[in-house]
Amino acid sequence: MTDDHWYEDETGPMVRPYTVTGGRTRPSDRHVIDLMSQVTVLETEAGQPGVDHAAAALLDLARRAPRPVVELAADADLPLTVVRVLLGDLAEAGLLRIDEPYRPPPGGPAADPELLREIVERLREL
């Protein structure tokens, strides 16, 4: 066991989330960032001047493939609020794009009560 591991488990992260975001708790109003919004990196170069460590880590995670916000937050081990603020900053800097999640059209298969009952029954069997 290393000292880094002990520090994280026993005392928490070295930098509190509000310092990572400069005290902000939500992204600018220009970006609606849903849990399932897809994040796509627009640049391919690894180095970005002016991007702090936490934002650079998010860029690295999202660079692999378009991913939902909730996945990035889990993989980055950061609170969702912090990830939303950082992603908003990166989108405003033109480094990534945030797309609304796919929503099936009304009246599609997801609206079929019989299908939903069957899904519930199958899940209970598991």
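The structure under discussion appears in the preceding block.
Scoring rules and cut-offs
Residues numbered from 1 in each chain as written. Predicted model: local features only at pLDDT ≥ 70, side-chain atom pairs only at ≥ 80, totals over all residues. Heavy atoms only, no water. Helix = DSSP H or I, 4+ residues; strand = E, 2+ residues; numbered from the N terminus. Buried < 20%, exposed > 50% of the residue type's maximum accessible area, 1.4 Å probe, protein only. Contact = heavy atoms within 4.5 Å. Areas by Shrake-Rupley, 256 points an atom, 1.4 Å probe, with all protein chains shown as cover. Salt bridge = Lys/Arg side-chain N within 4 Å of Asp/Glu carboxyl O. Pairing = 2+ DSSP bridges. Core = buried A, V, L, I, M, F, W, Y, C linked by side-chain atoms within 4.5 Å. Axes fitted to C-alpha atoms, helices over the stretch in contact; angles between N-to-C directions.

Caption draft 1: Structural context of the overall build of the chain. Counting its regular elements, the chain contains 6 helices and 3 strands. Along the chain, from the amino end to the carboxyl end, the secondary structure elements read α-α-β-α-β-α-α-β-α. When burial is assessed residue by residue, the chain has 27% of its 126 residues classed as buried. Long-range pairs, those at least 24 residues apart, make up 69% of the contacts in the chain between residues at least 6 apart in sequence. For the chain, the exposed surface amounts to about 9000 Å²; the carbon and sulfur share of it is 55%.

Caption draft 2: Geometry of the pattern of salt bridges. Taken as a whole and judged by the stated rule, the model has 6 salt bridges. Close ionic contact of Asp75 with Arg67 constitutes a salt bridge, the shortest N to O distance being 2.0 Å. Judged by relative accessible area, which is 45%, Asp75 ranks as partly exposed. Here the salt bridges do not stand alone but share partners, grouping Arg67, Glu71 and Asp75 into one network.

Caption draft 3: Quick peek at the pairing of strand β3 (residues 96-99). Only one face of β3 is covered, namely the one carrying Leu96 and Ile98; the face carrying Arg97 and Asp99 has none of its residues buried. Strand direction decides the pairing type here: strand β1 (residues 38-41) and β3, joined by 4 bridges, are antiparallel. Looking across to β3, one finds that Val41 is bridged to Leu96.

Caption draft 4: Quick peek at the side chain of Thr40. Mapped onto the elements of the fold, Thr40 is located in strand β1. Sequence-distant contacts of Thr40, that is, excluding residues within four places in its chain, are made with Pro66, Leu96, Arg97 and Asp99.

Caption draft 5: Spotlight on the nonpolar core. Counting residues in each nonpolar core, the largest one holds 21 residues, and the members touching the most others are Val39, Leu58, Leu72, Leu87, Leu90 and Leu96. Of all elements in the fold, only β1, α3 (53-63), α4 (69-76), α5 (80-92) and β3 reach the threshold of two or more residues within this core. What Leu58 contacts, discounting residues up to four positions off in sequence, is Leu72, Ala76, Val83, Leu86, Leu87 and Leu90.

Caption draft 6: Spotlight on the sheet that holds strand β2 (residues 67-68). Ordered by their spatial adjacency, 3 strands build an open sheet running β2-β1-β3, and the pairing between neighbours is antiparallel. A strand with exactly one partner marks an edge of an open sheet, and here the two such strands are β2 and β3. Across the sheet, α3 touches β1, β2 and β3, and the angle it forms with β1 is around 95 degrees.

Caption draft 7: Main features of the pairing of β1. Sheet analysis places β1 next to β2, joined by 2 bridges and oriented antiparallel. By the bridge assignment for β2, Val39 is matched with Arg67.

Caption draft 8: Looking closely at the environment of His31. Mapping His31 onto the fold places it in the loop between α2 (17-20) and β1. For the pair His31 and Asp89, spaced 58 residues apart in the sequence, the C-alpha separation amounts to 9.5 Å. Once residues lying within four places of it in the same chain are set aside, the contact partners of His31 are Gly88, Ala91 and Glu92.

By themselves, these observations are geometric and do not establish any function.
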